[in-house]
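Each chain, letter by letter, is given below.
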Amino acid sequence: MNRIRLAIHRLFCRPVITDPMPIYTRRLPDGLLLDFEDYFTYVVTTIADDEELLALFLELAADRATAREHDGWEPEKLLMEQLAERVGHEVPFRGKALAALAARLAAGVPAPAVVIPAQRQAGA
């Protein structure tokens, strides 16, 4: 059901950013959702298509599956850093695309709540 709603939303909304990857926004009562599905697809396919990255990912999964007592050393963080370094973890926004994203994010900020001043204390 959620995929159908997302597909309908994409039919009627233009992405805020189209280059290098489309990024959509969807309003919520108290903010926005940023849709990075195309970036997510890029990451997964990059890992799946590269044997070294896939081996690194499988090593990370195997390490996380191993039950052990926490001793302050988390080897999966090192593996995750290596994956992020190879695949990338940032989506660039430049020029007009950055201005469009900034405008869309600003529009998503909820209106400030009305503050009713406290009544004066008796005798003040």
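Residues numbered from 1 in each chain as written. Predicted model: local features only at pLDDT ≥ 70, side-chain atom pairs only at ≥ 80, totals over all residues. Heavy atoms only, no water.

For this particular structure, what's the right way to read the side chain of Asp35?
Structurally, the position occupied by Asp35 is in strand E2 (residues 31-35). Among the polar contacts listed, one links the side chain of Asp35 to the backbone nitrogen of Glu37, at a separation of 2.9 Å. (Helix = DSSP H or I, 4+ residues; strand = E, 2+ residues; numbered from the N terminus. Polar contact = N/O pair within 3.5 Å; in protein donor to acceptor, adjacent residues only side chain to side chain.)

Any chance you could explain the confidence of the model for the protein chain here in plain terms?
It should be kept in mind that the predicted coordinates are not to be read in detail where pLDDT is low. Averaged over every residue, the pLDDT of the protein chain is 76; residues scoring 70 or more account for 69%. When pLDDT is averaged over each helix and strand of the protein chain, the minimum, 62, is found for helix H1 (residues 2-12) and the maximum, 88, for helix H2 (residues 37-49). (pLDDT = per-residue confidence, 0-100.)

Even after reading the chapter, I still don't get the packing of helix H3 (residues 51-65) against helix H4 (residues 75-87), so can you show me in this structure?
Packed helix pairs are characterised by how far apart their axes lie and by the angle those axes make with each other. Packing of H3 against H4 leaves a shortest axis separation of 9 Å and a crossing angle of 155°. By the angle between their axes, H3 is roughly antiparallel relative to H4. Like other packed secondary-structure pairs, H3 and H4 cross with a definite hand, here left-handed. Taken together, the residues of H4 that come into contact with H3 (itself represented by Glu52, Leu53, Leu56, Phe57, Glu59, Leu60, Asp63 and Arg64) are Pro75, Glu76, Leu79, Met80, Gln82, Leu83, Arg86 and Val87. In terms of residue class, the contact of H3 with H4 is made up of 9 nonpolar, 1 polar and 6 charged. (Axes fitted to C-alpha atoms, helices over the stretch in contact; angles between N-to-C directions. Parallel < 35°, antiparallel > 145°, perpendicular 65-115°, else oblique. Left-handed = near helix turned anticlockwise from the far one by under 90°. Contact = heavy atoms within 4.5 Å. Nonpolar A, V, L, I, M, F, W, Y, C, P; charged D, E, K, R; others polar.)

Sorry, what's going on with H4 here?
Since the α-helix packs 3.6 residues into each turn, any two residues three or four apart lie on the same face. Over its 13 residues, H4 extends 19 Å from the first C-alpha to the last, a length consistent with the 18 Å expected when each residue adds 1.5 Å. What H4 keeps buried is the set Pro75, Glu76, Leu79, Leu83 and Val87. Here the buried residues of H4 occupy an arc of 100° about the axis, which is enough to place them on one side. Facing away from the buried side of H4 by more than 90 degrees, the exposed set consists of Glu81 and Glu85. (Expected span 1.5 Å × (residues − 1). Buried < 20%, exposed > 50% of the residue type's maximum accessible area, 1.4 Å probe, protein only. Arc of directions from axis to C-beta.)

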